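Chain by chain, the residues run as shown.
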Amino acid sequence: MNDKKVIKEAQCQRTDLTIALAGNPNSGKTTIFNALTGSRQHVGNYPGVTVERKNGSFRHGSYNIYITDLPGTYSLTAYSPEEVVGRNVIIQERPDLVVHVIDASNLERNLYLTTQLVELQIPLLLVFNMSDVARTQGYDINTKLLSQLLRIPIVQTVGHKETGLNALKEAIVKIASGPQQPVPTSVHYGPDIERELEKICNLLEKADMPSFPSTRWFAIKLLENDDVVQEDLGEYVEDLAPILAQAAAARQHLTRELGDEPDVLLADHRYGYISGACQEAVRSTVELRHTVSDQIDLVTTHRVLGIPIFLGMMYLVFKLTFTLSAVPMHWIEMFFDWLGQSISSLWPAGSDSAVQSLLVDGIIGGVGGVLVFIPVIFFLFLAIAILEDSGYMARAAFLMDHIMTKIGLHGKSFIPMLLGFGCTVPAVLATRTLENRRDRLTTMLVLPLISCGARLPIYALFIPAFFPEKLQAPVLWSMYLIGITLSVALAKLLRSTIFRGETMPFLMELPPYRLPTWRGALIHTWTRTWLFIRKAGTVIVAFSALLWLLTSYPEPPPEKLHNLNAEQSVSTELAYSVAGRIGRSLEPVMEQVGFDWKTTTAMIGAFAAKEIFVAQLGIIYAVNDEVNEPLREVLKREFNSLQALCIMLFCLISMPCVATFAAVWRESGSWKWPVFQLIGLTVLAYTITFSVYQIGRFFEIGT
Amino acid sequence: MPLTDLAPDISARVMTVQGGRGIAARLASMGIYPGSIVTLKCGGSIGPVIIQVRGSRIAIGRGMAHRILVEPLN
């Protein structure tokens, strides 16, 4: 009886273990992370940098294991924020174990990171992932022998098939919770370098250094001229100057004596060590023949065929997105109609209640108008996630690089721009993959010019109202085209003025083609779609309410409403409100571009989120905007096609929404950039719409 | 010769990587270092090139590729 009780207690008490997951990009690290943690994961941010932080957890036996998925890196130097973040997590948080996921079909390159992890002297476990690919490529890896040579435990897995996962969990628990493991063999850098390292170590030992990582690690970093380590050392070493001087002298000496920069020399030794180990333990039985990936690449990266194939893919993506989302959109529309009516019915018919108006017109109208586009955004992001996971996106970036460089952008800028068709917010976040700050800022600043999903309600309202059926698709198409053209032109301008300078050289690994997993693609898609929904839930609700306030109060005194019909009284009420007054004061300016004061008032709302514009128009023109028909009729009466075009143009070019403003602020690190973007785009919008309107009026087109 | 002058599908050994501030180390961490064997997969006269290094394919911008000096194997 006693035994059972003890066992039960032990089961309820779980021990916590923390581990970090490291590895090259494309090593299948994330697939393993997903397989281990399932849905128990959370994506956030490392403070102060825009690198994503992924945390998750799982249980195994009597252990709770908390995993941090470190950013994929090729090494642990200071060249990119990802690498610095990765090693900081290890150094500052000292996980119980670092699990290094390795692409077994690319062993030597992957082991490069291992040599650096070993130097951090933290418990290490190697996971040889993609062992199936390695086998088909003819590699015969004797993991037992290799493990002995490296003195690091090795587990084999096939990530996307979830093979070897249990063995992995067992190994993680055993090593992380178990006794001290044997120390892995560290790379020996040859007598000359080792001598210099020793000199630096001696100096470091005299200073008050933290015990972890070892002085040897610091010495190696100093020899590599690592900026970040130098800065960090300044924090706890009082007299850093002689140490830095010694390191500099060492670098000079070695360059002279051995003919190469220390970091190259160190790399050389690391690969030498890796080569030695692999020659013993790895047999390559088949000549590296053309894989399926190679064959696909022959076509997709073909100098002539590549781009047309790419355009074809893009067309497919958009066509599928719009086709598949039509039905769900209809459902959502019906839901919100029903919701609006049910809430309305809580009040007697014809009621003048302010709260009813706020709820139905303001919030449900505003939010419903947004959420109806979730299917479009979801399917677009799903298509993009599938393309990314399959590996095609890397080829697309490669194909686009040449053109993008001509514009002044980087090949990698293309993915944020593609995402911008769905929602600008995840697009801004996607600029993180651009290492060069200039590239990143330029891309961020021009992103709002791409017709995002929020503009669709505006187009959906105006285009059918003012253009005959034959012209409708071309007009929509041209709005997109204008956006793209302007973003290109603006990028070029920015790059030749404020952001002048060399673009980062294009350096990107093209992963082998892979069949994307549903789980991976859906997680990917959902993370981005959620951002859009969250924006709707928070920003739009808040601003819809705020705007409702601004457009309803103050109310005009009753005498003024005497003898006015419905439309006129709404008009007067609007004129009295705060927003209305602002609209009226801007009227002379906005008239020049085809707006009247009511539309201008609605535009103020559009700053919060473009989607609100339509709802605002509905309120302003005193129409129940659940059914767009009547609103369209009213608009047809009030405006001519030229003005309609100008309104759409202005909406396209100007005022990124509040959520974008916030995202740009956060990603660029300063409020100056979003403000600059806001002012710049508004000025640009005004200038272009002005020209179009005035020229149109002069030639009497569309009036 | 610079990598960009290599004929497609010919294997070559990397001799040196010219370039300052970390470019060499960066390339090394991706598998391109003096002594490694590379094969040009996609060259052309404009835009980035694609090379095969061991088990991976890497796309490199033209300027950078030009500064990787290789010696064709026989």
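Treat the numbers as computed from the prediction; the structure is a model and nothing was measured.

A. View of the overall build of chain B. The number of helices and strands found in chain B is 2 helices and 5 strands. In chain B, the succession of helices and strands from N to C terminus is β-α-β-β-β-α-β. Since a compact globule built from 74 residues should have a radius of gyration of about 11 Å, the 11 Å found for chain B is in line with a globular shape. Once the C-alpha set of chain B is aligned to its principal axes, its extents read approximately 30 × 25 × 20 Å.

B. A look at the overall build of chain A. From N to C terminus, chain A includes 31 helices and 10 strands. Within chain A, the fraction of its 703 residues that count as buried is 52%. In chain A, once contacts between residues fewer than 6 apart in sequence are set aside, the share between residues at least 24 apart is 74%. Total accessible area on chain A is roughly 31,800 Å²; 60% of this is exposed by carbon and sulfur atoms.

C. View of the packing of helix α21 (residues 456-466) of chain A against helix α29 (residues 641-653) of chain A. All names here are of chain A. Here α21 crosses α29 at 165 degrees, and the two axes come no closer than 10 Å. One way to sum up the angle between α21 and α29 is to call them roughly antiparallel. In the crossing of α21 with α29, the sense of the turn from one axis to the other is left-handed. Of α29, the residues touching α21 (which contributes Ile458, Tyr459, Phe462, Ile463 and Phe466) are Ser641, Ala644, Ile647, Met648, Cys651 and Leu652. In the contact of α21 with α29, the residues fall into 10 nonpolar, 1 polar and no charged.

D. Broad picture of the pairing of strand β3 (residues 52-60) of chain A. Residues and elements named next belong to chain A. Here β3 pairs with strand β4 (residues 63-69) via 7 bridges, running antiparallel. Across the sheet, the residue bridging to Asn55 is Thr68, located in β4. Taking the residues between adjacent antiparallel strands as the criterion, β3 and β4 are bridged by 2 residues, where Gly61 takes a positive phi near 60 degrees.

E. The arrangement of the state of the cysteines in detail. Within this structure, the stated rule accounts for 0 disulfides over all chains. Its sulfur unpaired, Cys646 of chain A is 11 Å from the next cysteine sulfur, which belongs to Cys651 of chain A.

F. Structural detail: the side chain of Asn64 of chain A. All names here are of chain A. Note that Asn64 resides in strand β4. Look at Asn64 and you get buried, because its relative accessible area is 17%. At a separation of 3.3 Å, a polar atom in the side chain of Asn64 contacts the side chain of Asp16. For Asn64, the side chain forms a polar contact with the side chain of Arg59, separated by 3.5 Å. Discounting chain neighbours no more than four positions away, the residues touching Asn64 are Arg14, Thr15, Asp16, Leu17, Phe58 and Arg59.

G. Looking closely at the pairing of strand β4 (residues 56-60) of chain B. The element β4 of chain B is extensively covered by neighbouring structure, given that 5 of its 5 residues are classed as buried. Going residue by residue along β4 of chain B, you find Ser56, Ile58 and Ile60 of chain B tucked away on one face and Arg57 and Ala59 of chain B tucked away on the opposite face as well. Where strand β10 (residues 507-510) of chain A and β4 of chain B come together, 4 bridges link them in antiparallel fashion. If you follow Met508 of chain A over to β4 of chain B, its bridge partner there is Ala59 of chain B. Across 5 bridges, strand β3 (residues 49-53) of chain B lies against β4 of chain B in antiparallel orientation. By the bridge assignment for β4 of chain B, Ile50 of chain B is matched with Ala59 of chain B. Connecting β3 of chain B to the antiparallel partner β4 of chain B that follows it, the hairpin turn spans 2 residues, and Arg54 of chain B within it adopts a positive phi of roughly 50 degrees.

H. Examining a nonpolar patch on the surface more closely. Nonpolar side chains collect at one region of the surface, where Ile695, Phe698, Phe699 and Ile701 of chain A lie side by side and expose about 480 Å² of accessible area between them. For Ile701 of chain A, the location among the structural elements is in the segment after α31 (672-699).

I. Here's a closer look at the sheet that holds strand β1 (residues 11-17) of chain B. Taken together, the 6 strands give an open sheet; going across it, the order is β10(A)-β4(B)-β3(B)-β2(B)-β1(B)-β5(B), and neighbouring strands pair in antiparallel fashion. Strands at the two margins of the open sheet, each flanked by one partner only, are β10 of chain A together with β5 (68-72) of chain B. Strand-to-strand twist in this sheet, taken as the mean axis angle between neighbours without regard to direction, amounts to 40 degrees. Inspection of the sheet shows β1 of chain B paired to β5 of chain B by 5 bridges, in the antiparallel sense. If you follow Val17 of chain B over to β5 of chain B, its bridge partner there is Ile68 of chain B. Relative to the sheet, helix α17 (residues 392-407) of chain A contacts β10 of chain A together with β2 (37-42), β3 and β4 of chain B, its axis offset from that of β10 of chain A by approximately 145 degrees.

J. Region of the structure containing empty space enclosed by the protein. All names here are of chain A. Counted under the stated rule, the structure contains 7 cavities of 30 Å³ or more. Roughly 70 Å³ of volume is contained in the largest cavity. For the largest cavity, the full set of lining residues is Leu111, Thr114, Thr115, Val118, Leu150, Ile152, Thr185, Ser186, Val187 and Tyr273. Ranked by the residues each element gives to the lining of the largest cavity, the list is headed by helix α4 (residues 107-119), at 4 residues. Its residues assigned to classes, the lining of the largest cavity comprises 6 nonpolar, 4 polar and no charged.

K. Examining the packing of helix α9 (residues 215-223) of chain A against helix α10 (residues 227-236) of chain A more closely. Residues and elements named next belong to chain A. Remark: α9 packs on α10, axes separated minimally by 10 Å, with the N-to-C direction vectors making an angle of 130 degrees. Classified by the interaxial angle, the pair formed by α9 and α10 is oblique. Every residue of α10 that contacts α9 at Trp217, Phe218, Lys221 and Leu222 is listed here: Val229, Gln230, Leu233 and Tyr236. When grouped by side-chain class, the residues that make up the contact of α9 with α10 number 6 nonpolar, 1 polar and 1 charged.

L. Broad picture of α31 of chain A. All names here are of chain A. Over its 28 residues, α31 runs 40 Å from end to end, which matches the ideal 40 Å to within 8%, given 1.5 Å per residue. Burial in α31 covers these residues: Pro674, Gln677, Leu681, Ala685, Thr689, Tyr693 and Gly696. The secondary structure elements touched by the buried residues of α31 are α20 (437-446), α22 (469-496), α25 (578-591), α29 and α30 (658-668).

M. Just the packing of aromatic side chains, in detail. The tally for this structure, following the rule as stated, stands at 13 aromatic pairs over all chains. A ring pair is formed by Tyr271 of chain A and Tyr33 of chain B, whose centres lie 3.7 Å apart and whose planes are at 5 degrees; its orientation type is stacked. Taken as a pair, Tyr271 of chain A in helix α12 (residues 262-281) and Tyr33 of chain B in the loop between α1 (23-29) and β2 lie in two separate chains rather than in one. Each member of the pair Tyr271 of chain A and Tyr33 of chain B is classed as buried. A centroid spacing of 5.2 Å and a plane angle of 75 degrees characterise the contact between Phe335 of chain A and Phe336 of chain A, whose relative ring orientation is edge-to-face. Members of the aromatic cluster, joined through ring pairs, are Tyr112 and Tyr271 of chain A together with Tyr33 of chain B.

N. Seen up close, the nonpolar core. Residue and element names in this part refer to chain A. In terms of nonpolar packing, the biggest core is built from 99 residues, with Phe310, Met393, Phe414, Phe462, Phe466, Phe613 and Met648 touching the most fellow members. The element best represented in this core is α17, accounting for 10 residues. Core analysis: the next-biggest nonpolar cluster, separate from the first, contains 63 residues, Ile141, Ile193, Leu197 and Phe218 among them.

O. Representation of the interface of chain B and chain A within the structure. Contacts between chain B and chain A engage 33 residues on the former and 32 residues on the latter. Taken together, chain B and chain A are joined by 1 salt bridge. Between Arg57 of chain B and Asp297 of chain A there is a salt bridge; the shortest N-O distance is 2.5 Å. At the surface where chain B touches chain A, the tally comes to 7 residue pairs in polar contact (both at pLDDT 80 or more).

What counts and how
Residues numbered from 1 in each chain as written. Chains lettered and ligands numbered in written order. Predicted model: local features only at pLDDT ≥ 70, side-chain atom pairs only at ≥ 80, totals over all residues. Heavy atoms only, no water. Helix = DSSP H or I, 4+ residues; strand = E, 2+ residues; numbered from the N terminus. Rg over C-alpha atoms; globule rule 2.2 N^0.38 Å. Buried < 20%, exposed > 50% of the residue type's maximum accessible area, 1.4 Å probe, protein only. Contact = heavy atoms within 4.5 Å. Areas by Shrake-Rupley, 256 points an atom, 1.4 Å probe, with all protein chains shown as cover. Axes fitted to C-alpha atoms, helices over the stretch in contact; angles between N-to-C directions. Parallel < 35°, antiparallel > 145°, perpendicular 65-115°, else oblique. Left-handed = near helix turned anticlockwise from the far one by under 90°. Nonpolar A, V, L, I, M, F, W, Y, C, P; charged D, E, K, R; others polar. Pairing = 2+ DSSP bridges. Disulfide = S-S within 2.5 Å. Polar contact = N/O pair within 3.5 Å; in protein donor to acceptor, adjacent residues only side chain to side chain. Patch = residues over 30% accessible without salt bridge, like charges linked within 9 Å, V, L, I, M, F, W, Y side chains within 5 Å. Salt bridge = Lys/Arg side-chain N within 4 Å of Asp/Glu carboxyl O. 1 Å grid on protein atoms, 1.4 Å probe; cavity = no way out; pocket = protein on both sides within 12 Å on 5 of 7 lines; lining within 4 Å. Points joined across faces, edges and corners; volume = space filled by probe spheres on them. Expected span 1.5 Å × (residues − 1). Phe/Tyr/Trp six-rings, centres within 6.5 Å; stacked < 30°, edge-to-face > 60°. Core = buried A, V, L, I, M, F, W, Y, C linked by side-chain atoms within 4.5 Å.

On their own, these measurements won't tell you what the molecule is for.
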